[in-house]
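Commentary on secondary and tertiary structure
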Amino acid sequence: MAEAADIQGTGPSPARRWLRRTITVAFGAPLLAGLLQAPVAPSAAAAEDGTGSRTVDVSLDTLAPSAPVEGDTVTVTGTVTNRGKKTVTDATVNLRVGPRMTSRSEIEQVTGRTGFRNDSDPAPLDDAPTVKIPRLGAGLSADFSLSVPVSELGLDEDGVYQLGVSLTGQTSDRQYDRVLGIERTFLPYQPEATEKKTQLTYLWPLISSAHVSAQTATDDQQTPVFEDDDLAAELRPGGRLDQLVSLGKDLPVTWVVDPDLLASVDAMANGYRVKDGDLDVPGRNQAVAERWLDALEKAVQGHKVVALPFADPDLASLAHRGKDVPGSLGHLQSATALAGMTVETVLHVPASTDFAWPADGAVDPSIVAVATSAGADKVIARSDSVRDDLPYTPTAARPLGNGSTTAVVSDALLSAAFEGDMVRAENSTLAVQEFLAQSLAVTLEQPEDQRSVVVAPQRMPSVAQAQAMATALEGLSGRRWTQPTDLLAAAVVKPDPDASTQVPSSSRYPKKLRDRELPVQAFRDMKTTRDELDDFKVILTQPERVVTPFGNAINREMSTSWRGEARAAAIYRNDVLDYLQTLTKGVQLVDKSDLTLSGRSATIPVTVQNKLLQGVDHLKLRLTSANKNRLELNGERYTELPVKVGGGHSQSVKFTASANVNGQVPMTAQLYTEDGTPYGQPMNFTVKVSEITATVMLVIAGGVLLLVLAGVRMYSQRKRVAARNAEAEAAETAEDDTASGPGTEAPAEEEPDGDEPVQPSDPTADTGPESGDPSGPGEKVDR
């Protein structure tokens, strides 16, 4: 139509021209806006490709003092590293302070930020010192140090402030100043003590993994045999356990101890052995263990000590996977009974056994039920499990469920503050500052009310983590907003009426924790070991030599330290059971070859061998005939005789048998305990009955009679010949007749003994050590 109009020489009306301009502006405005915004897009992408506010990594290695007061000078040191591909030029490192944090959640949000944000990050401090870096090549680093008096930080009131260190500079492709990197931390500022201080309880865990096997040496002291010598590395100066003791002795903490660790180190100090292939060799770190125990005993003086059940059993695994396996809960009871006694014996201080500590403080109804089944009436939970829908942090202690159990709910943020990699100085510094900031924020939430907060860190902190924890507690040493207390005192503080007392449902139990639990098979393996131990101990004259080491080993099989170590846990369980079975097989029946029974009655010997170092008793040996009509035992199909064998000896047990009919009779020998439980494997052999009949006896008697008659005849003939010879000699020599007389009889030849042939003798009642090899072929039994 436009073309037609042009041809016709007429243009559009003024109204139409106005409408066209309006439409053009309406549709063109977004396009113009897009064109104007187009240069911004590369800046957004620049943050991703290393040319934006994350081009330079800013590391804060130290911040001192961690909680400044008036008159202090805050010093921050660290490193800047160019992570981009372009050289950074004309760079400046600045301090940025503010704004003041108003809640714990705000602190948590700041922690999660990475790149620079113009809307929330404050401007650099005016007139504050800066560090100039003219040139920083790609991949290169430079150190910095900034010191500013507190009076110049702009801290107007008490509270927690955001403190940032940023690097502003240029790159070759963008030659204008912009923030290329920033790191944030927190500055708790409370120069004067608050009126109401938060009562802070910090648990100091002294826990390790299982190191002692069920095996002991053959000496009277039963020297324990360790699976490895790795525990010594933790005890040596600078080791993990050494650092926990060295740091903890000067800190206001509650020691939470696994008694198995104390028992293991005490065993090392008194002499121990270590597995070396199929053998065991003397341990070489006795002095290391002695030194550590001495240091620990001094460190805990004046502190409260809480003893976990022996070997720190995994309560959640027991509740979710093991409680339905018979006998599993019994291990928890025995582990609890051992706890206080072990701590007092080794450290000579009393210990509380009233607390149960599930992994990561996660609870549900079944965990609480199991945790309190062995006598503990207090459960150390965590606030991310027992959640409080409150705008403030309530006091830790509160009744749980029906009120018979006290939950001591540790603060999740404070408890998890040092779980990461604390080896890097930056990570440790940031964790310490956040911990201090969160603790001050707790106090300032409700400054008019005093509350009690509990911190339950990870069970086995590393050296770096322990050092960071100690630094944080030292930062609270001024006691301006917290005051230390112990776990026993925290458990009896009046609860907050608004705090949650509900036990979380099972569906809320974290999957990541459930996936790391011991499997049901682990508890079945424990039951198998326990059942075999029960059958074994009843026959021993010194059962305590076996019950104690194996009972402790079964407790270790349930340890929380096996979480995430399924293969290692299974190997440990198998080793314990294999060693127990090796011992039980030390009492066995010696295999017999088939026997031949000649006659109507005889005794059948069966040998019991004891390879153990101690005697066995309370055993019965049952011998059973498969055919009573052919061969009976004391008139019955089977008979039993008591067995008692000294250590390292063998005992022959004799059974009276009566034969009725010729032929082969299968026999079975089996050991039983006094309650009728079979012990060991049965031993089978065959008795061949070969009875001597009356006809055979007549033939033998006839043959004997003929031999006797032939002997008499020969004797008579020899006598007559001797007489004739004597008469001839008398006739020749008269004087010899007087001297010799009528004649002398030759001595009679001794007749053979008419007794029955002698059978091989039975072994003596107690043979002493002897071979357990089967008897030789052709064995005959005594008649």
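Before going into details, it helps to say that this report is about the structure given with it.

So, on to the overall build of the protein. A count of helical and extended segments in the protein gives 21 helices and 30 strands. Taking contacts inside the protein between residues at least 6 apart in sequence as the whole, the part at least 24 apart equals 78%. Accessible surface for the protein amounts to roughly 38600 Å². Of this, 51% is attributable to carbon and sulfur atoms.

Attention now moves to the pairing of strand 24 (residues 616–625). Bridge analysis of strand 24 against strand 26 (residues 638–645) gives 7 bridges, and the strand direction is antiparallel. Residue pairing in the sheet places Leu619 in a bridge with Val643 of strand 26. Taken together, the 7 bridges between strand 24 and strand 28 (residues 663–673) define a ladder with antiparallel strand orientation. From the neighbouring strand, Lys620 faces strand 28, where its bridge partner is Tyr672.

Turning next to the packing of helix 17 (residues 520–537) against helix 18 (residues 544–556). At a closest axis distance of 11 Å, the pairing of helix 17 and helix 18 adopts a crossing angle of 175°. Considering the angle they form, helix 17 stands roughly antiparallel to helix 18. Side by side, helix 17 and helix 18 meet where Met526, Thr529, Arg530, Leu533, Phe536 and Lys537 of the first sit next to Val546, Val547, Phe550, Gly551 and Ile554 of the second.

This brings us to the packing of aromatic side chains. Applying the stated rule across the entire model yields 6 aromatic pairs. When the ring of Phe550 is compared with that of Tyr579, the centres are 5.8 Å apart and the planes differ by 15°; the resulting orientation is stacked. Taken as a pair, Phe550 in helix 18 and Tyr579 in helix 19 (residues 566–584) lie far apart in primary sequence, 29 residues in all. Residue classification places Phe550 among the buried positions, given a relative accessible area of 1%. Through pairs of rings, three or more aromatic residues link up here, namely Tyr202, Trp204, Phe418 and Phe435. A cation over an aromatic ring shows up here: Arg178 above the ring of Tyr176, its NZ or CZ 5.2 Å from the ring centre.

On the surface, a cluster of negative charge is made up of Glu70, Asp156, Glu157, Asp158 and Glu192. Inspection of the secondary structure puts Glu192 in the loop between strand 7 (174–189) and strand 8 (198–206).

Within the secondary structure layout, Thr584 lies in helix 19. As for Thr584 and Lys537, which are separated by 47 residues in sequence, their C-alpha atoms are 9.4 Å apart. Filtering out sequence-adjacent residues up to four positions away, Thr584 remains in contact with Phe536 and Tyr679.

Before going further, it helps to spend a moment on unusual backbone geometry. Of note, the bond from Ala64 into Pro65 is cis; its omega dihedral lies within 30 degrees of zero at -10°. Its place among the elements puts Pro65 in the loop between strand 1 (56–64) and strand 2 (73–82). For Ala311, which is not a glycine, the phi torsion comes out positive at approximately 75°. Summarising the element assignment, Ala311 is placed in the loop between strand 14 (305–307) and helix 9 (315–322). Using a relative accessible area of 1% as the deciding quantity, one classes Ala311 as buried. With a phi close to 60°, His348 is a non-glycine residue in the positive phi region. With respect to the secondary-structure elements, His348 resides in the loop between helix 10 (328–347) and strand 15 (355–356). With a relative accessible area of 53%, His348 lands in the exposed category.

On to the pattern of salt bridges. By the definition in use, this model includes 28 salt bridges. Between Arg563 and Glu517 there is a salt bridge, and its shortest N-O distance comes to 3.9 Å. Taken together, the positions of Arg563 in the loop between helix 18 and helix 19 and Glu517 in the loop between helix 16 (511–514) and helix 17 put the pair 46 residues apart, joining distant regions of the chain. A single burial state applies to Arg563 and to Glu517, both of which are buried. Linked through salt bridges whose partners overlap, the residues forming this network are Asp314, Arg321, Glu517 and Arg563.

A few words now on the nonpolar core. If you look at the biggest cluster of nonpolar residues, it comprises 74 residues, and the most contacted ones within it are Phe536, Ile604, Leu621, Leu623, Leu631, Met667 and Val687. The contacts of Met667, once residues within four sequence positions are left out, are Ile604, Leu623, Thr624, Ser625, Leu631, Leu633, Met683, Asn684, Phe685 and Val687.

Moving on, we come to the sheet that holds strand 6 (residues 159–171). Pairing is antiparallel in the open sheet, where 4 strands are placed in the order 4-3-6-7. Each edge of the open sheet is held by one strand with a lone partner, namely strand 4 (131–136) and strand 7. Here the average twist between neighbouring strands, direction ignored, is 25°. In this structure, strand 6 lies alongside strand 7, joined through 12 bridges in antiparallel fashion.

With that settled, consider helix 7 (residues 259–269). The element helix 7 is largely enclosed, with a buried count of 9 among its 11 residues. Listed in full, the buried residues belonging to helix 7 are Pro259, Asp260, Leu261, Leu262, Ser264, Val265, Ala267, Met268 and Ala269. Measuring from the backbone nitrogen of Asp260 back to the side-chain oxygen at the start of helix 7 gives 3.0 Å, which picks out Asp258 as the cap. A positive backbone phi angle near 100° is found at Gly271, which sits one or two residues after helix 7.

What counts and what doesn't
- Residues numbered from 1 in each chain as written.
- Predicted model: local features only at pLDDT ≥ 70, side-chain atom pairs only at ≥ 80, totals over all residues.
- Heavy atoms only, no water.
- Helix = DSSP H or I, 4+ residues; strand = E, 2+ residues; numbered from the N terminus.
- Contact = heavy atoms within 4.5 Å.
- Areas by Shrake-Rupley, 256 points an atom, 1.4 Å probe, with all protein chains shown as cover.
- Pairing = 2+ DSSP bridges.
- Axes fitted to C-alpha atoms, helices over the stretch in contact; angles between N-to-C directions.
- Parallel < 35°, antiparallel > 145°, perpendicular 65-115°, else oblique.
- Phe/Tyr/Trp six-rings, centres within 6.5 Å; stacked < 30°, edge-to-face > 60°.
- Buried < 20%, exposed > 50% of the residue type's maximum accessible area, 1.4 Å probe, protein only.
- Lys NZ or Arg CZ within 6 Å of the ring centre and 35° of its normal.
- Patch = residues over 30% accessible without salt bridge, like charges linked within 9 Å, V, L, I, M, F, W, Y side chains within 5 Å.
- Salt bridge = Lys/Arg side-chain N within 4 Å of Asp/Glu carboxyl O.
- Lys, Arg positive; Asp, Glu negative; His and termini not counted.
- Charge placed at Lys NZ, Arg CZ, Asp CG, Glu CD.
- Core = buried A, V, L, I, M, F, W, Y, C linked by side-chain atoms within 4.5 Å.
- Polar contact = N/O pair within 3.5 Å; in protein donor to acceptor, adjacent residues only side chain to side chain.

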